[in-house]
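Residues per chain are reported as follows:
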Amino acid sequence: MSYTKICNINLGLDLEQLKAKPEKQYEGLNNGMLRYYQLSDMSILNNIPMFSTIRPDRVLIAEIDGSGSIGPHIDHGPSCVLNYYARSNHAMTMFYRIKENAKPFIAEGEDVAKLYNYEDLEMYDCFTASDNDIYLLDVTKVHAVSSPRPGSRLFLSYSWDKHSYEEVLNNILNSNINWN
């Protein structure tokens, strides 16, 4: 499994107001742009569910601007992320198998080749999040995002570097945390 829908819950957050210092950004295809921001007020995390008793390594706000896509890639750093899609923009997240002889390449500003050409991949699964959906994703798998509409996809992203998708998912499913 590459992703799991955890729930749909309105956390009542104004992520636009919580955006602070920009972290990283990645240029996508056809005008797509992925930006990560620090939270302006980390204490807000005390008022929302953490979903897992395994503390994330980072909590950032992410935004994908414009119609276009963030091409196939494996994330740099985290092994899994839990995303709260405050504004989904009807974007689709797709997961891919790598074909034999595929040649990954390096993203600008990075030092490890984790980007792929679509022709080197075979899509095997996808989902389209709705507003307020929360998904856990295995970002060690090749994935891409397609945003067919103008506007932006805005989400709160918890990330784990040293814990696997399976480990975090089992922790979420076996915890007694009430998300409603």
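Note: the structure precedes this text.
A brief report on the enclosed structure follows. These numbers were taken from a predicted model, which means no experiment stands behind them.

Conventions we followed
Residues numbered from 1 in each chain as written. Predicted model: local features only at pLDDT ≥ 70, side-chain atom pairs only at ≥ 80, totals over all residues. Heavy atoms only, no water. Pairing = 2+ DSSP bridges. Helix = DSSP H or I, 4+ residues; strand = E, 2+ residues; numbered from the N terminus. Axes fitted to C-alpha atoms, helices over the stretch in contact; angles between N-to-C directions. Salt bridge = Lys/Arg side-chain N within 4 Å of Asp/Glu carboxyl O. Buried < 20%, exposed > 50% of the residue type's maximum accessible area, 1.4 Å probe, protein only. Core = buried A, V, L, I, M, F, W, Y, C linked by side-chain atoms within 4.5 Å. Contact = heavy atoms within 4.5 Å. Polar contact = N/O pair within 3.5 Å; in protein donor to acceptor, adjacent residues only side chain to side chain. 1 Å grid on protein atoms, 1.4 Å probe; cavity = no way out; pocket = protein on both sides within 12 Å on 5 of 7 lines; lining within 4 Å. Points joined across faces, edges and corners; volume = space filled by probe spheres on them. Nonpolar A, V, L, I, M, F, W, Y, C, P; charged D, E, K, R; others polar.

Let us now look at the sheet that holds strand 2 (residues 19-27). The strand order across the open sheet built from 7 strands is 1-11-6-13-4-3-2, with neighbouring strands paired in antiparallel fashion. Here the strands that pair on one side only, and so sit at the sheet edges, are strand 1 (3-8) and strand 2. Going from strand to strand, the sheet's axes swing by 25 degrees on average, the running direction of each strand aside. The pairing of strand 6 (residues 80-87) with strand 13 (residues 152-160) spans 7 bridges and is antiparallel.

We now examine the pattern of salt bridges. Inspection of the entire model under this criterion finds 9 salt bridges. Where R35 meets D65, a salt bridge forms, and the shortest distance between an N and an O atom there is 2.3 Å. Of the two residues, R35 is situated in strand 3 (residues 33-39) and D65 in strand 4 (residues 58-65); the sequence distance between them amounts to 30 residues. Its relative accessible area of 23% is what places D65 among the partly exposed residues. Here the salt bridges share partners, and the residues they tie into one network are E16, K19, E63 and R87.

Membership of the largest hydrophobic core comes to 30 residues, with the highest contact counts inside it found for L13, L82, L136, L156 and Y158. Secondary structure elements with two or more residues in this core: strand 1, helix 1 (15-18), strand 3, strand 4, strand 6, strand 11 (133-138), strand 13 and helix 2 (165-174). Once residues within four sequence positions are removed from consideration, L13 is found in contact with L18, I44, I48, Y84 and L156.

All right, on to the side chain of S159 then. Note on placement: S159 falls in strand 13. A residue is classified by how much of its surface remains accessible, and S159, at 7% relative accessible area, is buried. Look past the residues within four positions of S159 in its chain and what remains in contact with it is P56, D57, R58, P78, C80 and V81.

As a further point, take the environment of S79. On the secondary structure map, S79 appears in the loop between strand 5 (68-73) and strand 6. Overall, S79 belongs to the buried group, its relative accessible area being 12%. Between the C-alpha atom of S79 and that of T140, which follows or precedes it by 61 residues, the distance is 5.4 Å. If we skip the residues at most four places from it in the chain, S79 touches L137, D138, V139, T140, W160, D161, H163 and S164. In terms of polar contacts, S79 uses its side chain to reach the backbone carbonyl oxygen of H163, at 2.5 Å.

We now examine the side chain of N89. When you line up the elements, N89 lands in the loop between strand 6 and strand 7 (92-98). Within the structure, N89 has its side chain in polar contact with the backbone oxygen of R149 (distance 3.3 Å). Once you skip the residues sitting within four places of it in the chain, N89 turns out to touch D131, S147, R149, P150, G151, S152 and R153.

This next bit is on unusual backbone geometry. Phi is positive for N89, which is not a glycine, with a value near 55 degrees. Look at N89 and you get buried, because its relative accessible area is 13%. The backbone phi angle of N101 is positive, close to 70 degrees, even though this residue is not glycine. Looking at where N101 falls in the secondary structure, it is placed in the loop between strand 7 and strand 8 (105-106).

Our focus in this paragraph is the layout of surface pockets. In this structure, the largest pocket spans a volume of roughly 980 Å³. Around the largest pocket, the lining is made up of 41 residues, and of these Y26, L34, Y36, I70 and H73 lie nearest the centre. Listed by contribution, the elements that provide at least two residues to the lining of the largest pocket are strand 2, strand 3, strand 4, strand 5, strand 6, strand 12 (142-147) and strand 13. The element best represented in the lining of the largest pocket is strand 2, accounting for 5 residues. Here the lining of the largest pocket is composed, by residue class, of 21 nonpolar, 12 polar and 8 charged.

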